[in-house]
Number of protein chains: 2
Amino acid sequence: MPNNQFKRGELYSVINGMASTAVARRLQKNFRLAGLEITIEQWSVLYHLWKEDCLSQQELCTRTFRDKPSITRLIDNLEKQKLVKRMASKSDRRINLVCLTDAAKVLQDQTIELANQTMNEALIGVNKDEIETVKAVFQRVYDNLT
Amino acid sequence: MPNNQFKRGELYSVINGMASTAVARRLQKNFRLAGLEITIEQWSVLYHLWKEDCLSQQELCTRTFRDKPSITRLIDNLEKQKLVKRMASKSDRRINLVCLTDAAKVLQDQTIELANQTMNEALIGVNKDEIETVKAVFQRVYDNLT
DNA sequence: TGAAATTAGTTGCATAACTAACTATATGCC
DNA sequence: GGCATATAGTTAGTTATGCAACTAATTTCA
């Protein structure tokens, strides 16, 4: 493959390695420094509920790219921390609607601000076109594999 | 921020979300379909040992971007599967050198080929310049945060 | 209508991640 | 030499992930 000399194997570690690990650790650290006890995984669930409250667990699976057991347990933990509540759907008794509590609503602005700050730190020296390229490539990769 | 209208919070999920999850799942699935019983995390350790055998656990931490407990347990599991062996360093008795067994050496070509194929699937329709941009951005993000 | 297939969610098991606290060895420095 | 400090690795506890197997409710369709 004369026109493809970069090592594809290396690319796996680019996509799954250092950068995403570093960003996740920094964001978790920034939450902790702010006295927030939530994990970044829990935050990513809340993030979607802030955009649209009372989603089904299946819908949260789709939006957060997780499988059903992962969401079940994330919701279990969020419920223990009184950040969400499972409400039975009236139209379909199989469905749990996951709704925010007041305690979770209070966290929205602060945590999103922390996420924005973290990404600002992470993206120093990266321009907007480069960011758009990364987003487009990642969307393409996702579409290719699903 | 008139010149920065993209949502930074969204970028967290770009870097840590769908694409890396999808690639990891696909690579794991391709290992499984080929009858290989190793996890992608174990594979990433072996990958560095194929490049340079008999590294210390600390060196593996650095190269795989993991912390020490993670490497301890990955090596525990790799040792159970007889893919690596801990050897005492002669110059420094604190150090374990982690060395490949013959069984692990046999896996090198096959698994790297599977990783290359997986990345080829993932990167259909993505050109070389875009890949270089992703790599550069991720290196920059990593450098910014460490 | 009623059996088969689909969908929503849970549980069990194995692996892996992070933090904090720990042991053992090596190094620095007075 | 000997004490303080740093480094290599392990252990314990909590959270998260993936897969497979499971229950319960709903939909399909003959």
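The present account deals with the structure reproduced in this document. (Residues numbered from 1 in each chain as written. Chains lettered and ligands numbered in written order. Predicted model: local features only at pLDDT ≥ 70, side-chain atom pairs only at ≥ 80, totals over all residues. Heavy atoms only, no water.)

1. Focus: the overall build of chain A
(1) Moving on: In terms of regular secondary structure, chain A is built from seven helices and three strands.
(2) Moving on: Traced from its N-terminal end to its C-terminal end, chain A shows the element sequence α-α-α-β-α-α-β-β-α-α.
(3) Moving on: Buried positions account for 44% of the 146 residues belonging to chain A.
(4) Moving on: Pairs at least 24 residues apart make up 52% of the contacts formed inside chain A by residues separated by at least 6 positions.
(5) Moving on: Total accessible area computed for chain A in this model is approximately 8000 Å², and 49% of it derives from carbon and sulfur atoms. (Helix = DSSP H or I, 4+ residues; strand = E, 2+ residues; numbered from the N terminus. Buried < 20%, exposed > 50% of the residue type's maximum accessible area, 1.4 Å probe, protein only. Contact = heavy atoms within 4.5 Å. Areas by Shrake-Rupley, 256 points an atom, 1.4 Å probe, with all protein chains shown as cover.)

2. A few points about helix 7 (residues 128–145) of chain A
All names here are of chain A.
(1) Moving on: With 18 residues, helix 7 should cover 26 Å at 1.5 Å per step; its first-to-last C-alpha distance of 26 Å lies within 8% of that length.
(2) Moving on: When helix 7 is considered as a whole, its buried residues turn out to be Ile131, Val134, Val137, Phe138, Val141 and Leu145. Projected down its long axis, helix 7 shows its buried positions confined to an angular sector of 125°, all on one face.
(3) Moving on: The backbone nitrogen of Asp129 lies 3.0 Å from a side-chain oxygen of the residue at the head of helix 7, namely Asn127. (Expected span 1.5 Å × (residues − 1). Arc of directions from axis to C-beta. Polar contact = N/O pair within 3.5 Å; in protein donor to acceptor, adjacent residues only side chain to side chain.)

3. Some remarks on the interface of chain B and chain A
(1) Moving on: If you look at the interface, chain B gives 53 residues, while chain A gives 53 residues.
(2) Moving on: Carbon and sulfur atoms supply 71% of the area buried between chain B and chain A, which totals about 5400 Å² over both sides.
(3) Moving on: Where chain B packs against chain A, one counts zero salt bridges.
(4) Moving on: Contributing elements (two or more residues each) for the side of chain B that touches chain A: helix 1 (8–16), helix 2 (18–33), helix 3 (40–51), helix 6 (102–122) and helix 7 (128–145) of chain B.
(5) Moving on: Per element, the largest residue contribution to the side of chain B that touches chain A is 15 residues, and it comes from helix 7 of chain B.
(6) Moving on: Counted by class, the side of chain B that touches chain A contains 27 nonpolar, 13 polar and 13 charged residues. (Buried area = accessible area lost by both parts, 1.4 Å probe. Salt bridge = Lys/Arg side-chain N within 4 Å of Asp/Glu carboxyl O. Nonpolar A, V, L, I, M, F, W, Y, C, P; charged D, E, K, R; others polar.)

4. So, the relation of the copies chain B and chain A
(1) Moving on: Taken as rigid bodies, chain B and chain A are interconverted by a rotation of 180° and an axial shift of 0.0 Å, the fit giving an RMSD of 0.1 Å. What we have between these two chains is a two-fold relation. Relative to the rotation axis, the C-alpha of Val134 of chain B is the closest in chain B, positioned 2.7 Å from it.
(2) Moving on: When the interface residues of chain B are mapped onto chain A, 100% of them again lie at the interface, so the same face is used by both copies. (Least-squares fit on C-alpha atoms with pLDDT ≥ 70 in both.)

5. Details of the state of the cysteines
All names here are of chain A.
(1) Moving on: Considering all chains together, one arrives at two disulfides over all chains under this definition.
(2) Moving on: Disulfide pairing places Cys54 opposite Cys99 at an S-S distance of 2.1 Å. Disulfide Cys54-Cys99: the torsion about the S-S bond is 130°, which places it as right-handed. On the criterion of sequence distance, the pair formed by Cys54 in the loop between helix 3 (40–51) and strand 1 (55–56) and Cys99 in strand 3 (residues 96–100) is long-range, its members being 45 residues apart.
(3) Moving on: The exposure class assigned to Cys54 is partly exposed, which follows from its relative accessible area of 31%.
(4) Moving on: Relative accessible area serves as the criterion here: at 8%, Cys99 is assigned to the buried category. (Disulfide = S-S within 2.5 Å.)

6. A few points about the protein's contact with DNA strand C
(1) Moving on: Gln57, Gln58 and Lys68 of chain A together with Thr39 and Arg66 of chain B are the nearest of the 26 residues found near DNA strand C.
(2) Moving on: A distance of 2.5 Å separates a phosphate oxygen of DNA strand C from a polar atom in the backbone of Gln58 of chain A.
(3) Moving on: The contact in question runs from a phosphate oxygen of DNA strand C to an N or O atom on the side chain of Gln42 of chain B, over 3.4 Å.
(4) Moving on: At the level of elements, helix 2 (18–33), helix 4 (57–64) and helix 5 (68–80) of chain A together with helix 3 and helix 5 (68–80) of chain B are the ones that each hand at least two residues to the surface near DNA strand C.
(5) Moving on: Class assignment of the residues belonging to the surface near DNA strand C gives a composition of four nonpolar, nine polar and 13 charged. (Near = heavy atom within 4 Å.)

7. Thoughts on the sheet that holds strand 1 of chain A
Residue and element names in this part refer to chain A.
(1) Moving on: Across the sheet, three strands lie side by side as 1-3-2; this open sheet has antiparallel pairing. Strands with a single pairing partner mark the edges of an open sheet, and in this sheet they are strand 1 and strand 2 (84–88).
(2) Moving on: As judged from the two bridges shared by strand 1 and strand 3, these two strands associate in the antiparallel manner. Following the sheet pairing, Ser56 is matched in strand 3 by Leu97.
(3) Moving on: Its contacts with the sheet put helix 3 on strand 1, strand 2 and strand 3, and the angle it makes with strand 3 is roughly 90°. (Pairing = 2+ DSSP bridges. Axes fitted to C-alpha atoms, helices over the stretch in contact; angles between N-to-C directions.)

The analysis is restricted to geometry; functional conclusions fall outside its scope.
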